[in-house]
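# Architecture and fold: a report
Each chain is listed here by its residues.
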Amino acid sequence: EGVRSLLSLTALTSLNLMSCEQITDEGLRALSRLTALTDLCLSFCEQITDEGVRALSSLVALTSLDLGCCELITDRGMQALGTLTALNHL
């Protein structure tokens, strides 16, 4: 419910959710609708998995994505980010 309250912010370009430990893959699926995002920090969001990272692959405007200390993300999740060709900071 918390992340979904952001969905009306369609012009949002930068979002820092660092250490928001309750962010889940479901929340990332909701965030994937914020297609104007260019900068997203999810470091220390410890519940995020490969499934959630795959949802982010629709955020093609992303230039910066921080997934530091998200220990449930594997190489498989990182492969899903290959579609984000604008990324210059990961």
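I will try to describe carefully the structure that is included in this document.

What counts, and at which threshold
Residues numbered from 1 in each chain as written. Predicted model: local features only at pLDDT ≥ 70, side-chain atom pairs only at ≥ 80, totals over all residues. Heavy atoms only, no water. Helix = DSSP H or I, 4+ residues; strand = E, 2+ residues; numbered from the N terminus. Rg over C-alpha atoms; globule rule 2.2 N^0.38 Å. Buried < 20%, exposed > 50% of the residue type's maximum accessible area, 1.4 Å probe, protein only. Contact = heavy atoms within 4.5 Å. Areas by Shrake-Rupley, 256 points an atom, 1.4 Å probe, with all protein chains shown as cover. Lys, Arg positive; Asp, Glu negative; His and termini not counted. Charge placed at Lys NZ, Arg CZ, Asp CG, Glu CD. Core = buried A, V, L, I, M, F, W, Y, C linked by side-chain atoms within 4.5 Å.

### Concerning the overall build of the chain
Helices and strands together make up the secondary structure of the chain, namely 3 helices and 3 strands. Mapped from its N terminus to its C terminus, the chain presents α and β elements in the order β-α-β-α-β-α. In terms of overall size, the chain behaves like a compact globule, its C-alpha atoms giving a radius of gyration of 12 Å where 90 residues would be expected to give roughly 12 Å. Here the chain, with 90 residues, has 40% of them falling under the buried criterion. For the chain, the proportion of contacts with a sequence separation of at least 24, taken over those separated by at least 6, is 66%. Total accessible area computed for the chain in this model is approximately 5000 Å², and 50% of it derives from carbon and sulfur atoms. In the chain, 5 side chains carry a positive charge and 11 a negative one; their mean positions are 11 Å apart.

### Quick notes on unusual backbone geometry
Residue Phe44 is not a glycine yet carries a positive backbone phi of 65 degrees. By secondary structure assignment, the location of Phe44 is in the loop between strand E2 (39-41) and helix H2 (50-55). By relative accessible area, Phe44 is classed as partly exposed at 34%. Positive phi outside glycine occurs at Cys69, with the angle close to 65 degrees. For Cys69, a relative accessible area of 41% translates into the label partly exposed.

### Examining the nonpolar core
Within the largest apolar cluster, 25 residues are counted, with the highest numbers of intra-cluster contacts made by Leu40, Leu42, Ile48, Leu62, Leu65 and Leu67. Broken down by element, this core gets its largest block of residues, 3 residues, from helix H1 (residues 25-31). Residues in contact with Leu62, not counting those within four places in the same chain, are Leu37, Thr38, Asp39, Leu40, Leu84, Ala86 and Leu87.

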